[in-house]
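Overview (structure and organization)
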Amino acid sequence: MTDDGTTTAGATGTLGYEQARDELIEVVRRLEAGGTTLEESLALWERGEELAKVCRRWLEGARARLDAALAEPEDGATAE
């Protein structure tokens, strides 16, 4: 964790979707609440961008898995 309560950007690769989403919600809440210095706000913004990328990768992976699963019956279907 950094001194502003966020974990380091290098740790985003090991986050699950829900964990990244929850942390992103907290980052947004803190930014919207204000009361942070410019430096803290920039660090929060950067962390938010990293977390958003993690969430996006998870969602893209889930979409690819769904598309593959939906395509399987068509490819493997037999005519009766």
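Residues numbered from 1 in each chain as written. Predicted model: local features only at pLDDT ≥ 70, side-chain atom pairs only at ≥ 80, totals over all residues. Heavy atoms only, no water.

We now examine the pattern of salt bridges. This structure, assessed with the given rule, holds five salt bridges. The salt bridge involving Arg-21 is made with Asp-22; its shortest N-O contact spans 3.1 Å. Take Asp-22: its relative accessible area is 42%, and that puts it in the partly exposed class. Ionic pairing is found between Arg-47 and Glu-23, a salt bridge with its closest N-O pair at 2.8 Å. (Salt bridge = Lys/Arg side-chain N within 4 Å of Asp/Glu carboxyl O. Buried < 20%, exposed > 50% of the residue type's maximum accessible area, 1.4 Å probe, protein only.)

On to the nonpolar core. Counting seven residues, the largest nonpolar core consists of Leu-15, Ala-20, Val-27, Leu-44, Leu-51, Val-54 and Cys-55. Elements that contribute at least two residues to this core include exactly α1 (17-33) and α2 (38-76). In terms of residues, this core owes the most to one element, α2, which gives four residues. (Core = buried A, V, L, I, M, F, W, Y, C linked by side-chain atoms within 4.5 Å. Helix = DSSP H or I, 4+ residues; strand = E, 2+ residues; numbered from the N terminus.)

Here Glu-23 shows up in helix α1. Note on Glu-23: relative accessible area 17%, which makes it buried. Among the polar contacts listed, one links the side chain of Glu-23 to the side chain of Arg-47, at a separation of 2.8 Å. (Polar contact = N/O pair within 3.5 Å; in protein donor to acceptor, adjacent residues only side chain to side chain.)

So, about the confidence of the model for the chain. Mean pLDDT for the chain: 85, with 76% of residues reaching 70 or above. Ignoring residues within four places in sequence, the model shows residues 1-9, a span with pLDDT below 50, making 18 contacts including any to other chains. (pLDDT = per-residue confidence, 0-100. Contact = heavy atoms within 4.5 Å.)

Taking 1.5 Å of rise per residue, the 17 residues of α1 would be expected to cover 24 Å, and the 24 Å separating its terminal C-alpha atoms lies within 8% of that figure. Every buried residue of α1 is accounted for by Ala-20, Glu-23 and Val-27. Summarising the axial view, the buried residues of α1 lie within an arc of 70°, below the 170-degree limit, and thus occupy one face. Every exposed residue of α1 that faces more than 90 degrees away from the buried side is listed here: Ile-25, Glu-32 and Ala-33. (Expected span 1.5 Å × (residues − 1). Arc of directions from axis to C-beta.)

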